[in-house]
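Chain by chain, the residues:
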Amino acid sequence: MKSSFNLFMVAGLVLMMSVVALMGINNRKQMEELTSARTWVTHTHEVIGALYKLRATIEEAEAGQRGYLVTNDLNYLEPYTEAKSKVEDLVEHLIALTVDNPQKTNQFKVLRQLIKSKIDLLEELIQIQRKTGFEAARARVISDGGSAQMENIRNKIAELVEDENILLRERTEKAEEQLRRASNQLLMFTVAAAIFQSILAILGAVSLKSRQRALAKLKAVLNSMDEGLIQTDSSGNVTYINPAAERMLALTKQKARGLALSEVFKIVDDTEDKSEPEINREHLIRGNEGQIVNFDGVRMFVQYTGAPINDGDAYEGAVISFQDITEVHQSELELAEREARISAIVDFAADGIFTVAGEGVIETANRAAHHLFGYSSGELIGMNISSLLPEFALSKTSELHTGERRFSAGLEMNGMSKNGEQIPVELTMSVVSLSNRNIVTGIVRDITERKEVERRVSEFYSTVSHELRTPLTSIRGSLGLLEGGRAGSLSERATQLVSIARLESDRLIRLINDILDMRKIEAGKLELNLKELSPDQIVRQTIDAMASLISANEIHIKTEIEKSLPLKGDPDRIVQVLTNLLSNAIKFSPRNSEIVLAVDYPNQKQCRFSVTDKGIGIAPEKVHKLFGLFQQLDVSDSRSKGGTGLGLAISKAIVEQHGGNISVASEIGHGSTFSFILPLAVVPPKAISPNHKLKTALVVETDLRLDESLKSVFKEQGFATVIHDDVAKSKEYLLNHSAPDVILLDIGLPEGNGFEFMEWFVGIDNLKEVPVVVLSGDAESHGSTMLVSWLKKPIDNEILASTLRSACRRAGVPRILLVEDDVNTRQLIKHYLEGMNIECFEAGDGTSALELAEHKEPDLIILDLAIPLPDGYDVVKSLRLHELRHTPMLVYSATDLSIQEKEKLTLGLTAYLVKSRTSESEFLSTVKSLLKTLISNLDNQPLLKEDAE
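About the cut-offs
- Residues numbered from 1 in each chain as written.
- Predicted model: local features only at pLDDT ≥ 70, side-chain atom pairs only at ≥ 80, totals over all residues.
- Heavy atoms only, no water.
- Helix = DSSP H or I, 4+ residues; strand = E, 2+ residues; numbered from the N terminus.
- Buried < 20%, exposed > 50% of the residue type's maximum accessible area, 1.4 Å probe, protein only.
- Contact = heavy atoms within 4.5 Å.
- Areas by Shrake-Rupley, 256 points an atom, 1.4 Å probe, with all protein chains shown as cover.
- Pairing = 2+ DSSP bridges.
- Axes fitted to C-alpha atoms, helices over the stretch in contact; angles between N-to-C directions.
- Arc of directions from axis to C-beta.
- pLDDT = per-residue confidence, 0-100.
- 1 Å grid on protein atoms, 1.4 Å probe; cavity = no way out; pocket = protein on both sides within 12 Å on 5 of 7 lines; lining within 4 Å.
- Points joined across faces, edges and corners; volume = space filled by probe spheres on them.
- Expected span 1.5 Å × (residues − 1).
- Polar contact = N/O pair within 3.5 Å; in protein donor to acceptor, adjacent residues only side chain to side chain.
- Salt bridge = Lys/Arg side-chain N within 4 Å of Asp/Glu carboxyl O.
- Parallel < 35°, antiparallel > 145°, perpendicular 65-115°, else oblique.
- Left-handed = near helix turned anticlockwise from the far one by under 90°.
- Nonpolar A, V, L, I, M, F, W, Y, C, P; charged D, E, K, R; others polar.
- Patch = residues over 30% accessible without salt bridge, like charges linked within 9 Å, V, L, I, M, F, W, Y side chains within 5 Å.
- Lys, Arg positive; Asp, Glu negative; His and termini not counted.
- Charge placed at Lys NZ, Arg CZ, Asp CG, Glu CD.

J.: I'd like to hear about the overall build of the protein, residue by residue, with values.
T.: Along the backbone of the protein there are 29 helices and 28 strands. When each of the 949 residues of the protein is scored for burial, the buried share is 43%. Long-range contacts, defined as pairs at least 24 residues apart, comprise 64% of the intrachain contacts of the protein with a sequence gap of at least 6. For the protein, the exposed surface amounts to about 48,500 Å²; the carbon and sulfur share of it is 52%.

Put into structure tokens, the structure is as follows:
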């Protein structure tokens, strides 16, 4: 029986010791995990601090460089050089800190590349300042995109800091969870130890030997613990401390035995000393924290747990277990300090910062956010974000919530203030996942001033466009008239001076045009009026426009056009590109040399234009600079040749906007070849709105199967068609219906000669004034004054359209309505037109223009848009409601027009010219093309006096 009891006791003791040992091992594991978690928290803080230091260092480098550029003081390069030397070390330090995270390391490598590009740019500007001077450096600063590079670096660092903050919160939560687990484990261990000790006491009463063995095993367990353990008797004197307590208290167990607990476990406070923990049979201490001082005078923060030891009703003492949490406490203090610092930065940031929960409820908002939207402190908390940003909807940020994107920057929208006013803002958003939910963090920047600046800049460019182009057009035109002898003969000296002035005005106009074009390109407002074009027509137009320059430089232009397939493009812009390339080739080619202008097709989808010269060529190391802004490879030579350094940059932008590309192949001493490729495409013709009031056309034609395309021409020109195939039916129609507006007559009729039929209806009063268009035969032998035009089969659609317009025009001198508010420009245009047999009516405002148009019924309207009462757009809008809606029009404005603007400025056949870009010959050619189809053969008079001559 006794043997069985002893066996039972041994088994019980082993089981209890195993439990205690396992709990001790588990406690040790928990402490290791807690220490690891705290270490990672500290590590994350170090990464964040290094990121902020890196950003500050880059900004110091930029500030030093900018100071040098502005002052040329070398002292500013000292902080720049010092900061530059630190940047790479900081990046390498960050990479070393995140070596355990390959993804993060790659992000820092990307950041290093961004920083390297920025530093290279800073160094380049310093070298330009040293070698060339402030103006060259300033020009490079304007075009270098450095601010965009710095903004990219700041955004990348902000993204990395945000990632680290997310990681910091996760690791802090993990550390707190580990601390709670360790505390609970220690309490359980202490309780288990107390229970085990009580069991040992009971077993000792049964068997002293068994008790001694159990005590020895218990001491072995206690000696292996990392937690300090103190045991007292009922008087509060220490009876035992384990090795861990010896190490932490700097006291041996021999010296500790018999001392009061308050002498061994000295809990201190900054204001007063605390006595030892009060433990009695009914008082159990759970997870208290405090600061103690050991016998070496070293203070440490500890977490301690205590429990009484009772023997029945007798209180026999207490057991205290504690662990050193000094490092954990210090980490918590540092974490709290960092959080307070970050909170202060956020709260005093210039931009509004807020966080939004999944339902759109604002959870936090800093002072700037309250101030921006006009709310008192704390008033935004709990509001829905849609009250501040109506355009901001969580549904629109689904990519952020689903994790497809974690960051979105530069969203411009209108905010709504408390008093209902709209505020233009820029929004940056990011998503943080916390406790299984997504929190959207937003940074809102007030861009009211920026928008105002953009508006003023736009207005400035508009003013420059109108106020400079208009007088310069008059100056250039007037000088051209003087140079051409239109105002009388000039002396040789005077002619030379006028020529110089005209050339310089041309150069100034080109500079203004290039600057305004670059403004459009940089603002993303370069719009294309895409049409179906013929490459050979583009080539001819370019050569014709540059005839004077080609002649002046004694250059021979050779064209090599493989074939002419239709391409899709803006004709004016493509001519502009080809003109730039041809102009450069002429400037840098020797006299009496040949330039080849070629068109070929590298594949079935593309058309290639190329300009090859035999000039000086371009060094390979300089080719990459060709298409940059204000780039002139040789300043001295460029000045002698002329140029702004913008032509190739503009050409590149135009070609790329067409979906093509531009390139150059060159060799020093052997000339250069500039090429650009455009896509081939066919654009369907734009439908013309139907006429409000149809005219009637009688078609006397033997072939009743009139082509559908010809029918569409009649419809587009506002004609209803009546078709007969013999004379009898035609005569019956004319006798029983109102006179048609025009008769199209096939003279090869089966029942009689067409001219005989025409002589028949000439004798009828209401028919003798009807204009006639002959479709076949020889019209020159017939002297009828009614004959408007002679069309040979097959009939061209465009010729038919112009003939129909001409047919409805009664005979007489062509009438032009000139609508222009600038008196000098009106005089210049009249000088242009004085060689033409036309009648010109002038209007200085919209009201006068509409009155003259209604009473004079002009054959052509030349319209400036910037006219008062009303402007050009409203004039066209009114004319579209009138019978003059098909009148040809030349829009002659000081500004480039977008596709949408051109659509609003269309009547009949409409052309668009920019004043500063249009030569006299181009202006007259356009007027001729708009008038010629309307007035050819009227009264048998020539169109122009110069044609008659």
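Here the narrative resumes, following the displayed structure.
J.: Residues and numbers for the sheet that holds strand β13 (residues 556–561), please.
T.: Strand order in the open sheet formed by five strands is β13-β15-β16-β18-β17, and the pairing between neighbours is mixed. Unpaired on one side and paired on the other, β13 and β17 (661–667) mark the two borders of the sheet. Put simply, the sheet's adjacent strands are angled 15° from each other on average, direction ignored. Two strands pair when backbone bridges link them, and β17 and strand β18 (residues 671–679) are joined in this way by seven bridges, in the antiparallel orientation. Across the sheet, the residue bridging to Ser663 is Ser675, located in β18. Lying on the sheet, helix α17 (residues 571–587) is in contact with β13, β15 (594–603), β16 (606–612), β17 and β18; it crosses β18 at an angle near 175°.

J.: Give me the lowdown on helix α24 (residues 823–833), citing residues and values where you can.
T.: The α-helix advances 3.6 residues per turn, and as a result positions three or four apart in sequence lie on the same side. If you check which residues of α24 are buried, you get Thr825, Arg826, Leu828, Ile829, Tyr832 and Leu833. Seen along its axis, α24 keeps its buried residues to an arc of 160°; they face one direction.

J.: Tell me about the sheet that holds strand β28 (residues 910–914), residues and numbers included.
T.: In spatial order, the strands read β25-β24-β26-β27-β28; together these five strands make up an open sheet with parallel pairing. Of all strands in the sheet, those bounded by a partner on one side alone are β25 (839–843) and β28. Averaged over all adjacent pairs, the angle separating strand axes in this sheet is 15°, with direction ignored. As paired elements, strand β26 (residues 860–863) and strand β27 (residues 889–893) share three bridges and run parallel to each other. Residue pairing in the sheet places Leu863 in a bridge with Val891 of β27. Sheet strands in contact with helix α25 (residues 846–856) are β24 (815–819) and β25, and its direction is about 150° off that of β25.

J.: So what's going on with the confidence of the model for the protein? Residues and values would help.
T.: For the protein, mean pLDDT is 75; residues scoring 70 or higher make up 75% of the total. For the protein, per-element mean pLDDT is lowest for helix α29 (residues 945–948), which scores 34, and highest for β16, which scores 92. Every residue in residues 777–785 is under pLDDT 50, and counting partners more than four places away or in other chains gives 12 contacts. In the predicted structure, residues 935–949 sits below a pLDDT of 50 and forms 24 contacts with residues beyond four places in sequence or in another chain.

J.: Tell me about the layout of surface pockets, and please be specific about residues and values.
T.: Estimated volume of the second largest pocket: approximately 1,800 Å³. Put simply, the parts of the chain that give the lining of the second largest pocket at least two residues each are α1 (2–71), α5 (146–206), α10 (326–347), β7 (352–356), β8 (362–365), β9 (407–416), β10 (422–434) and β11 (437–446).

J.: I'd like to hear about the environment of Phe609, residue by residue, with values.
T.: With respect to the helices and strands, the residue Phe609 is situated in strand β16. In sequence terms Phe609 and Ser675 are 66 residues apart; their C-alpha atoms lie 5.6 Å from each other.

J.: Tell me about α17, and please be specific about residues and values.
T.: For α17, built from 17 residues, the straight-helix expectation of 24 Å at 1.5 Å per residue is met to within 8% by its first-to-last C-alpha distance of 24 Å. Taken across its 17 residues, α17 has 13 buried, putting it largely inside the fold. At the N-terminal boundary of α17, the capping side chain belongs to Asp570, with an oxygen 3.1 Å from the backbone nitrogen of Asp572.

J.: Summarise the pattern of salt bridges; cite the residues concerned and give the values.
T.: A full pass over the atoms with the stated rule returns 14 salt bridges. Where Glu560 meets Lys558, a salt bridge forms, and the shortest distance between an N and an O atom there is 3.3 Å. Residue class for Lys558 comes out partly exposed when judged on its relative accessible area of 34%. For Glu820, the salt bridge goes to Lys915, with nearest N and O atoms at 2.9 Å. Note that Glu820 is positioned in the loop between β24 and α24 and Lys915 in the loop between β28 and α28 (920–935), a separation of 95 residues in sequence. For the pair shown, Glu820 and Lys915 are each scored as buried. Where salt bridges share partners, they join Glu412, Glu426, Arg450 and Lys451 into one cluster.

J.: Before we move on, could you go through the packing of helix α2 (residues 77–97) against helix α3 (residues 102–131) and cite the residues and values that matter?
T.: Packing of α2 against α3 brings their axes to within 10 Å, and their N-to-C directions diverge by 165°. Judged by the inter-axis angle, α2 sits roughly antiparallel to α3. The handedness of the crossing between α2 and α3 comes out as left-handed. Contact with α2, carried on its side by Leu77, Tyr80, Lys84, Val87, Glu88, Val91, Glu92, Leu94 and Ile95, involves Thr105, Phe108, Lys109, Arg112, Ile115, Ile119, Leu122, Glu123, Ile126 and Arg130 of α3 and no other residues of that element. The residue makeup of the contact of α2 with α3, split by class, is 11 nonpolar, one polar and seven charged.

J.: So what about a negative patch on the surface? Which residues, and what values?
T.: Together, Glu170, Glu173, Glu176 and Glu339 line one region of the surface with negative charge. It is α5 that provides the largest number of residues to the negative patch, a total of three residues. With respect to the helices and strands, Glu339 occurs in helix α10.

J.: Explain the packing of α17 against helix α19 (residues 647–657) residue by residue, including any values.
T.: The contact between α17 and α19 brings their axes to 9 Å, and the two run at 145°. Our pair here, α17 against α19, has a crossing hand that is left-handed. Side by side, α17 and α19 meet where Arg573, Gln576, Val577, Asn580, Leu581 and Asn584 of the first sit next to Gly647, Leu648, Ile650, Ser651, Ile654 and Val655 of the second. Among the residues forming the contact of α17 with α19, the class breakdown is six nonpolar, five polar and one charged.

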